[in-house]
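Architecture and fold: a report
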Amino acid sequence: MANSAAVADPAEGAAFGDGFALAAAQARILVVEDDRDVAGLVGRELRALGLTVDVIGFAEDALLAARDTDYALMVVDLGLPDRDGLDLVREMRKRAIATPILMMTARSKVEDKVSGLASGADDYLVKPFAVPELRARVTALLRRPSPLKDSRLTVANIVVDRDALEAVVDGASVPLTRKQFQLLELLARRKNHMTPKRMIEEALYGYNDEVSGNAIEAHVYKLRQTLRAAGAEAEVETRRGIGYRLVERHRAAAHG
């Protein structure tokens with residue numbers, strides 16, 4: 001079975017090189033850092049890995065974002081203006097937010113590292129840091145298997161492999177761009193439930209990305225055409241003013 005589903009789309013600026021770059025194609029990262037220079041550096045480096053990055057400068061805003069968004073990783077600075085980063089991490093763990101957390105801080109004492117890890121962080125990065133170290137720690141955390149997600153989602157004869165970033169119809173790999181795969185994965189995870197356009201925008205784009213008015217409609221149209229060409233027994237249904245959902249064809253016909 002060829003891992004060819006999440007094919008790079010030149011228009012999206014996606015560059016898939018090694019296995020990590022392919023896996024990173026659907027990963028969304030939250031960077032909680034109020035220092036614009038540091039946040040800018042971290043954001044640039046993570047985007048260079050093919051990741052979607054949201055940058056937030058306040059702990060309370062980060063807590064809301066972490067609650068509402070399925071992040072693959074969070075990079076959290078300890079020195080935040082409204083709340084200590086350790087308190088933020090503790091609060092996230094209390095709320096059962098199990099997303100891996102990489103802490104950043106200028107505090108380099110052993111006891112500071114121990115406190116950070118004991119609070120629920122998964123790794124620790126001391127400022128000033130070397131860019132290769134940042135990349136290495138991020139990639140190591142992203143490669144860890146997640147106990148919270150099933151690696152495969154099935155709708156009719158479509159199998160969405162979230163680890164391989166591959167969509168398969170009747171055993172044959174379906175060529176999808178990065179955004180198309182992200183859209184299919186979201187709809188498959190919420191199968192038979194309407195997904196509002198706004199939720200799709202938040203899943204496919206970062207907070208600071210500019211999204212054209214018909215971008216989601218274009219992605220839906222292309223995904224729908226690709227699934228039909230592959231012989232999929234499920235299709236993307238549109239409810240104007242409500243959203244989209246992935247349903248088996250016989251159910252779609254019954255509701256049509």
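Residues numbered from 1 in each chain as written. Predicted model: local features only at pLDDT ≥ 70, side-chain atom pairs only at ≥ 80, totals over all residues. Heavy atoms only, no water.

**Here's the deal with a negative patch on the surface**
Together, D34, D35, D37, D61 and D82 give the surface a local cluster of negative charge. Examined against the element boundaries, D34 turns out to sit in the loop between β2 (28-32) and α2 (36-48). Classification of D34 as partly exposed rests on a relative accessible area of 36%. (Patch = residues over 30% accessible without salt bridge, like charges linked within 9 Å, V, L, I, M, F, W, Y side chains within 5 Å. Areas by Shrake-Rupley, 256 points an atom, 1.4 Å probe, with all protein chains shown as cover. Salt bridge = Lys/Arg side-chain N within 4 Å of Asp/Glu carboxyl O. Lys, Arg positive; Asp, Glu negative; His and termini not counted. Charge placed at Lys NZ, Arg CZ, Asp CG, Glu CD. Helix = DSSP H or I, 4+ residues; strand = E, 2+ residues; numbered from the N terminus. Buried < 20%, exposed > 50% of the residue type's maximum accessible area, 1.4 Å probe, protein only.)

**Section: the pattern of salt bridges**
Pairing between side chains of opposite charge can happen when their charged atoms approach one another. Enumeration according to the criterion identifies 16 salt bridges in this entry. Taking the shortest distance from any N to any O, the salt bridge between K127 and E33 comes out at 2.9 Å. Of this pair, K127 sits in the loop between β6 (123-126) and α6 (131-143) while E33 sits in the loop between β2 and α2; the two residues are 94 residues apart in sequence, bridging distant segments of the chain. Judged by its relative accessible area of 3%, E33 is buried. In this structure, the salt-bridge partner of D87 is R90, at a minimum N-O distance of 2.8 Å. With D87 and R90 both in helix α4 (residues 85-94) and three residues apart, the pair spans about one turn of that helix. Its relative accessible area of 35% is what places D87 among the partly exposed residues. For R90, a relative accessible area of 36% puts it in the partly exposed group. Within the structure, one salt-bridge network assembled from shared partners comprises E33, D77 and K127.

**Things to note about the sheet that holds strand β9 (residues 166-169)**
The strand order β7-β8-β9-β10 describes an open sheet built from four strands, whose pairing is antiparallel. The sheet terminates laterally at β7 (152-155) and β10 (172-174), the two strands that pair on one side only. Adjacent strand axes in the sheet meet at a mean angle of 30° when their direction is disregarded. Running over the sheet, helix α7 (residues 178-189) touches β7, β8 (158-161) and β9 and is turned about 110° from β8. (Pairing = 2+ DSSP bridges. Axes fitted to C-alpha atoms, helices over the stretch in contact; angles between N-to-C directions. Contact = heavy atoms within 4.5 Å.)

**What about the nonpolar core?**
With 28 residues, the main nonpolar core has I158, L184, L223, L227, V236 and L246 as its most contacted residues. Elements with a contribution of two residues or more to this core: β7, β8, β9, α7, α8 (197-204), α9 (215-230), β12 (234-239) and β13 (243-248). With six residues, α7 is the largest single contributor of residues to this core. Apart from residues no more than four positions distant in its own chain, V236 is found in contact with L187, V220, L223, R224, L227, Y244, R245 and L246. Judged by nonpolar contacts, the second largest core, of 22 residues, contains L30, V76, L86 and V89. (Core = buried A, V, L, I, M, F, W, Y, C linked by side-chain atoms within 4.5 Å.)

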